[in-house]
Amino acid sequence: MRFIFKTRYDQDIGLFPHRGTVFWYSLLSVALVAAPFLIAPYYLGELSFLFIWSLAGLSLMVLAGYAGLISIGHAAFLGIGAYVHVYLIHRGVPLLPSMLSAGAAAAAAGVVIGVPAIRMRGIYLAIATLAFSAIAQEVFVRWEALTGGSRGVAVPKAQFFGWSLEGEVGFYYLCLSVLVVCILAILNLLRAPTGRAWIAIRDSEIAAQSMGVNLAGYKTLAFAVSAFLAGLAGALFAHKVGYLTPDIFTPVLSIQLLMLVMVGGVGSIHGAIFGAIFLVLLPTVIALLRDYLPAGIAQQPALEPGIYGVILVLVVLLEPLGLNGLWRKIKFFFWQFPMYKSETFKRQKTYMRTERLQ
Amino acid sequence: MAEFLQLFVNGLAVGCIYGLVALGFVLIYKAGEVVNFAQGELVMLGAFVAFTFVVQFGLNYWVGLALAMVTMAIFGGLLDMIVVRRIIGQPQFSTVMLTIGIGVVMRSAAAMVWGPETRSLPTPFDAATFRFGGVVLSAVYLSILATTALLGLILFGFFRFSRVGTAMQAASQNQLAAYCMGIPVKRMLSGVWALSAAVATIAGVLLAPINLIDTNLGAVGLKAFAAAVIGGFGSIPGAVLGGILIGLIDLFSGVYLPQGFKDIASYIVLLVVLVVCPQGLFGAVGRKKV
């Protein structure tokens with residue numbers, strides 16, 4: 001068993017709780033930096049995809065997992081980021097300014113949807129984001145000057161200070177560094193007053209307001225930060241897929257992102273990464289699974305969404321903290337080794353938490 | 001003018017269907033505070049089940065419709081008893097994700113059972129049309145209006161005068177108090193799900209002649225969402241009125257506005273309504289007391 005004996009207040013907000021985590025994270029970062037020299041380009045491409053998904057998941061995690069605002073239209077922010085980025089790249093803007101402006105454009109859209117969101121709560125907000133994404137998708141189809149309409153638009157290869165990121169390796173490092181910078185930034189935000197305010201709003205809006213948290217400001221900020229990250233993810237995604245069409249950014253993508261957050265584990269940065277790993281691996285697993293199923297079921301194209309849905313339902317019912325919750329349980333088991341009790345993580349019975357006005 | 005009236009009647013009819021779906025949302029939301037994102041899929045499944053009874057088994061239209069309603073009501077009740085009940089009291093995010101998941105499963109199950117083809121459901125009203133002045137009214141649209149009005153009356157009577165209906169109202173107003181008065185709250189919630197699934201089946205069958213039946217029929221759920229929100233999400237007449245509003249907007253924007261507005265006009269109206277009065281047109285305004 002490990003006891004963390006805190007002697008300084010700084011330890012409460014340190015990025016690493018103890019030396020062991022420092023060791024494992026250093027090992028992980030060495031492995032990630034060395035990966036291009038060790039594995040085949042195909043897997044490197046998959047890893048880049050994983051990083052992009054993680055970034056998108058991180059963006060929704062900030063909004064849904066920490067600020068408690070449900071967005072069912074996150075694909076719209078990804079789309080805005082992707083299209084603005086491609087537009088600027090075509091006009092000869094260098095990579096980094098273009099990506100930042102893509103993020104900024106998405107963030108502006110986030111503020112636009114976030115300002116009315118201040119007055120809405122819970123389900124109204126979710127539906128407003130859904131409506132927003134439906135409108136955004138129609139705009140992607142119709143605004144041909146920017147988006148190329150439904151024909152789509154080709155994405156040039158990324159150029160970094162005149163140095164072409166043609167192959168998988170350069171792009172891999174780009175995705176990795178963007179993801180790491182964003183995770184560190186979000187971690188810093190979360191241990192600062194901003195993050196505390198978000199969590200307070202998530203857990204009880206009224207209590208947070210009573211403690212002097214400016215609801216309007218922090219909710220809008222959450223939308224802006226989340227949309228900024230989504231815009232960055234969209235820009236990277238555009239390079240990854242190479243060709244943008246409006247039917248990439250459908251509600252299906254939004255639901256996949258929500259699923260990433262839910263399966264990964266709501267309210268944890270780890271969750272965003274676990275969820276992304278899950279989403280990247282699942283199609284492969286399903287493809288393997290098809291070989292073992294009876295032919296009548298295995299050939300169905302609807303099998304894949306069905307499995308997604310079943311997993312989502314099972315996670316919500318059985319493991320509401322997702323893969324991260326599972327990971328924490330496993331860790332706890334070994335910490336406490338002979339003393340583990342499953343009751344530690346028992347779900348509390350709650351009365352219905354009403355949002356209605358009686 | 002004739003064109004305007006024609007559009008108005010058709011919009012009214014489509015709006016009535018949206019209203020019926022929205023009514024299903026509102027029933028479930030009022031009962032258990034679960035926002036059912038799978039309501040559109042219930043509509044789709046209801047239409048497919050009715051298709052099976054009427055076309056594949058060759059039953060009479062009305063018998064098939066009744067059987068489909070009973071089947072779907074049992075399905076809805078079981079869905080609540082087995083799956084949804086366990087989530088009540090958890091944060092709203094969980095309920096949203098659960099119902100989205102259920103919707104995805106239902107859609108893919110329907111695709112596996114009935115295949116991806118588009119089906120049509122013959123109705124007794126298919127051929128007949130009536131003329132009033134320059135306005136051509138097809139019996140299909142009239143049947144939709146009549147069914148909605150009838151269903152509205154039946155539901156009103158049910159909630160107002162029947163013992164079970166009153167108990168359902170009590171359970172949705174205050175679960176604890178209802179429980180103390182000896183109302184079987186859990187059974188009432190399942191009953192509301194069953195009722196809502198049956199209403200969704202009617203909506204699906206009514207929609208079938210207009211929209212044909214395929215696995216994307218569930219998209220009507222999104223429009224109905226807009227309707228329910230405009231109506232205030234807690235008010236049954238509000239839901240139907242919101243539905244009619246959305247239906248009218250849909251048809252008129254398709255004709256009088258530039259191309260592309262047909263699909264999004266209702267969402268724009270929804271956003272405007274939410275910005276102007278965030279609780280919908282008929283919702284209660286105020287804050288929860290601590």
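Residues numbered from 1 in each chain as written. Chains lettered and ligands numbered in written order. Predicted model: local features only at pLDDT ≥ 70, side-chain atom pairs only at ≥ 80, totals over all residues.

Draft legend 1. Broad picture of the overall build of chain A. What chain A contains, in helices and strands, is 16 helices and four strands. Computed over its C-alpha atoms, the radius of gyration of chain A comes to 21 Å, within 12% of the 21 Å expected for a compact globule of 358 residues. Sorting the 358 residues of chain A into buried and exposed places 41% on the buried side. When contacts within chain A are restricted to residue pairs at least 6 apart in sequence, those whose partners lie at least 24 apart make up 76%. (Helix = DSSP H or I, 4+ residues; strand = E, 2+ residues; numbered from the N terminus. Rg over C-alpha atoms; globule rule 2.2 N^0.38 Å. Buried ≥ 20, exposed ≤ 12 C-beta atoms within 10 Å, placed from the backbone. Contact = placed C-beta atoms within 7 Å.)

Draft legend 2. Main features of the overall build of chain B. In terms of regular secondary structure, chain B is built from eleven helices and two strands. Each helix and strand of chain B, ordered N terminal to C terminal, gives the series α-α-α-α-β-β-α-α-α-α-α-α-α. A compact globule built from 290 residues should have a C-alpha radius of gyration of about 19 Å, and chain B, at 19 Å, falls within 12% of that. Principal axes of the C-alpha set define a box for chain B whose edges measure 60 × 50 × 35 Å.

Draft legend 3. Unusual backbone geometry, seen in detail. Residues other than glycine seldom take positive phi values, yet Leu212 of chain B does so here, at roughly 60°. Considering the arrangement of structural elements, one finds Leu212 of chain B in the loop between helix H8 (185–211) and helix H9 (220–230).

Draft legend 4. Main features of the interface of chain A and chain B. Taken together, the contact pairs 42 residues of chain A with 44 residues of chain B. When contributions to the side of chain A that touches chain B are tallied by element, the ones reaching two or more residues are helix H6 (122–142), helix H12 (251–264) and helix H15 (303–318) of chain A. With 13 residues, the single largest contributor to the side of chain A that touches chain B is H6 of chain A. Residue classes in the side of chain A that touches chain B are distributed as 31 nonpolar, six polar and five charged. (Nonpolar A, V, L, I, M, F, W, Y, C, P; charged D, E, K, R; others polar.)

Draft legend 5. Quick peek at the nonpolar core. With 209 residues, the main nonpolar core has Leu55, Ala128, Leu232 and Leu312 of chain A together with Ala47 and Met72 of chain B as its most contacted residues. Beyond its immediate sequence surroundings of up to four residues, Leu232 of chain A is in contact with Leu55, Gly81, Met99, Ala102, Gly103, Val178 and Cys182 of chain A. (Core = buried A, V, L, I, M, F, W, Y, C linked by C-beta atoms within 7 Å.)

Draft legend 6. Molecular detail of the environment of Cys175 of chain A. Residues and elements named next belong to chain A. With respect to the element layout, Cys175 can be found in helix H8 (residues 168–191). By the C-beta count within 10 Å, which is 24 here, Cys175 ends up buried. In the structure, Cys175 is positioned 126 residues away from Phe49 in sequence and 8.5 Å away in space, judged by C-alpha atoms.

Draft legend 7. Quick look at helix H2 (residues 39–56) of chain B. Between its first and last C-alpha, H2 of chain B extends 25 Å over 18 residues, near the 26 Å set by a 1.5 Å rise per residue. Backbone geometry just downstream of H2 of chain B places Gly58 of chain B in the positive-phi region, at approximately 70°. (Expected span 1.5 Å × (residues − 1).)

Draft legend 8. Up close: the packing of helix H1 (residues 2–32) of chain B against helix H10 (residues 236–256) of chain B. Residues and elements named next belong to chain B. For the pair H1 and H10, interaxial distance at closest approach is 6 Å and the crossing angle is 140°. By the criterion of interaxial angle, the relationship of H1 to H10 is oblique. Taken as a pair, H1 and H10 cross one another with a handedness that is right-handed. Looking at the contact of H1 with H10 residue by residue, the classes come out as 18 nonpolar, seven polar and one charged. (Axes fitted to C-alpha atoms, helices over the stretch in contact; angles between N-to-C directions. Parallel < 35°, antiparallel > 145°, perpendicular 65-115°, else oblique. Left-handed = near helix turned anticlockwise from the far one by under 90°.)

Draft legend 9. Summary view of helix H6 (residues 163–173) of chain B. All names here are of chain B. Every buried residue belonging to H6 is among Met168, Ala171 and Ser172, and all of these are buried. Axial view of H6: buried residues confined to an arc of 95°, hence all on one face. Packing partners of the buried residues in H6 comprise H1, helix H5 (139–161), helix H7 (175–180) and H8. (Arc of directions from axis to C-beta.)

Draft legend 10. Structural context of the confidence of the model for chain B. When the pLDDT values of chain B are averaged, the result is 84; 95% of them are 70 or greater. Interface confidence in the predicted complex, given as ipTM, is 0.86; pTM for the same model is 0.88. (pLDDT = per-residue confidence, 0-100.)

Draft legend 11. Main features of the packing of H12 of chain A against helix H13 (residues 269–290) of chain A. Residues and elements named next belong to chain A. Close contact between H12 and H13 brings their axes to 7 Å; oriented N to C, the two are set at 120°. Comparing their axes, H13 and H12 come out oblique. The two elements H12 and H13 meet at a crossing, and its hand is right-handed. Across the interface between the two elements, Gln256, Leu260, Val261, Val263 and Gly264 of H12 pack against Gly271, Ala272, Phe274, Gly275, Ala276, Phe278 and Leu279 of H13. Split by residue class, the contact of H12 with H13 holds eight nonpolar, four polar and no charged.

Draft legend 12. Looking closely at the environment of Thr344 of chain A. In this structure, Thr344 of chain A sits in the segment after helix H16 (322–335). Remark: the alpha-carbon pair of Thr344 of chain A and Lys329 of chain A, spanning 15 residues in sequence, is separated by 9.2 Å.

Draft legend 13. Quick look at the environment of Asn324 of chain A. Residues and elements named next belong to chain A. Within the secondary structure layout, Asn324 lies in helix H16. In the structure, Asn324 is positioned 18 residues away from Gly306 in sequence and 23 Å away in space, judged by C-alpha atoms. Setting aside its immediate chain neighbours within four residues, Asn324 contacts Gly264, Gly265, Ser268, His270, Gly271 and Phe274.

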